[in-house]
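Reading the structure
Here are the chains, one letter per residue:
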Amino acid sequence: MDKSFAKGLAVLELLARAPKPCGVSEIARKLDMGKSNVHRLLQTLTTCGFVEQDEDRGYYRPALKMWVLGTLAIARLNIRGAAFDVLAELATHTGEAAQLSVLVGGDMINIEKRDSPQATRYFTPLNGFAAAYCCTRGMVMLAYSSTDVVEAAMESMLRDQSRTALSPARLERELEKIRAQGYGVGEWKENVSCVATPVWGPDDDVAAILSVSAPSFRTPVSAIEKFAPLLIASARTISNRIGLPEGSDLA
C-alpha cells in the first residue's frame, strides 16, 4: 500500500467528516501525524482541487469537487432508483420518515430518504452518517455482516462507550434477535424510534438497509414495530428490482 496516498485519503476523510474547517495542528493531532507532513498533504489536495483553504483563518475544508464526485458515484448506484417510489410509499403509508442506508467503513450513510409528511417529524439528512453500533439500521447491517466487520464495530464501540450502553454480549444477543425475526427495532438514538430490515442484492448479500424512523413521543418502539411487515415487503420489492430472484428465501 502507498502510505503517503493512504495518509492523504485519511486527511481528506477527516475534513469531510468534520463539522467545521480544521487547522493543520488539529488534523495532525487527530491523525497522529507530523504537522509538516499534514501541511504537505493539504497542499497537494488543494492543488488537485479536493480541498480549499479559508483565506482569512487559514483553515481547510473539502472543496466542491468532493461533492461532485460523490454525486456521480451515488448516481451509479441503481439501488437508489429502485427504491425511489418505495420510500415515498413508505413515508405516505406510515406517516413517518423512510431511509435507505449503506455501510461505508464503520458508518451507516443515508443514500436516499423521504421525510415524514407530518409537521412534527424526525429529520434525517441525506448523506448523514452514524456509527453502525449506534443506530438500528446499523445493527441490522451488522447482523448480516462478516465476522471481521462485526469485530471492528465492537472495537469501535468499546472505545466510545459515551454513545452506547451496549456490551459485546448484548450486541451479539441483539444481532441474533435481528437474524431470527428478519428486522430490528429500537430507540438507538435519543428520542427516535426506528424499525429496519435488509435489502438483499443478487449475490445473496445485504445491499442496503431500509428503515422507518419517528419521534418516540409519537411513535414509541412498541408502536413502530407494527410497520415491520410493510417494511419487509417494501425491502423485498427493492431486492427483486436489483436482481434478487422472485421467491428467494432471503427476501
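Structure shown above.
Here goes a summary of the coordinates provided. Just so you know, these numbers come straight off a predicted model, no measurement behind them. (Residues numbered from 1 in each chain as written. Predicted model: local features only at pLDDT ≥ 70, side-chain atom pairs only at ≥ 80, totals over all residues. Heavy atoms only, no water.)

Notes on the nonpolar core
Ile-79, Leu-100, Val-195, Val-199, Leu-210 and Ile-238 are the most contacted members of the largest nonpolar core, which has 26 residues in total. In terms of residue count, the dominant contributor to this core is helix α5 (residues 78–94) (six residues). If near-sequence neighbours (up to four positions away) are discounted, Leu-100 is found in contact with Ile-79, Arg-80, Ala-83, Leu-87, Ile-109, Asn-110, Ile-111, Glu-112, Val-199, Ala-208, Ile-209 and Leu-210. Counting 25 residues, the second largest nonpolar core, distinct from the first, contains Cys-134, Met-139, Val-140 and Leu-171. (Core = buried A, V, L, I, M, F, W, Y, C linked by side-chain atoms within 4.5 Å. Buried < 20%, exposed > 50% of the residue type's maximum accessible area, 1.4 Å probe, protein only. Helix = DSSP H or I, 4+ residues; strand = E, 2+ residues; numbered from the N terminus. Contact = heavy atoms within 4.5 Å.)

Focus on the side chain of Asn-110
Relative to the helices and strands, Asn-110 is located in strand β4 (residues 107–114). Exposure remark for Asn-110: the relative accessible area of 1% places this residue in the buried category. Looking at Asn-110, its side chain comes within polar contact range of the side chain of Ser-101, at 2.9 Å. (Polar contact = N/O pair within 3.5 Å; in protein donor to acceptor, adjacent residues only side chain to side chain.)

Some points on the pattern of salt bridges
Summed over the entire model, instances satisfying the criterion amount to 12 salt bridges. Between Asp-115 and Lys-113 there is a salt bridge, with the nearest N and O atoms lying 3.2 Å from each other. Its relative accessible area of 27% is what places Asp-115 among the partly exposed residues. Through salt bridges with shared partners, one network takes in Glu-13, Arg-17 and Asp-107. (Salt bridge = Lys/Arg side-chain N within 4 Å of Asp/Glu carboxyl O.)

Brief notes about the packing of α5 against helix α10 (residues 228–241)
Where α5 contacts α10, the axes come no closer than 9 Å and their chain directions differ by 160°. With respect to each other, α5 and α10 are oriented roughly antiparallel. Regarding α5 and α10, the two cross each other, and that crossing is right-handed. Only Leu-230, Leu-231, Ser-234, Thr-237, Ile-238 and Arg-241 of α10 make contact with α5, whose side of the interface consists of Ile-79, Ala-82, Ala-83, Asp-85, Val-86, Leu-90, His-93 and Thr-94. The residue makeup of the contact of α5 with α10, split by class, is eight nonpolar, four polar and two charged. (Axes fitted to C-alpha atoms, helices over the stretch in contact; angles between N-to-C directions. Parallel < 35°, antiparallel > 145°, perpendicular 65-115°, else oblique. Left-handed = near helix turned anticlockwise from the far one by under 90°. Nonpolar A, V, L, I, M, F, W, Y, C, P; charged D, E, K, R; others polar.)

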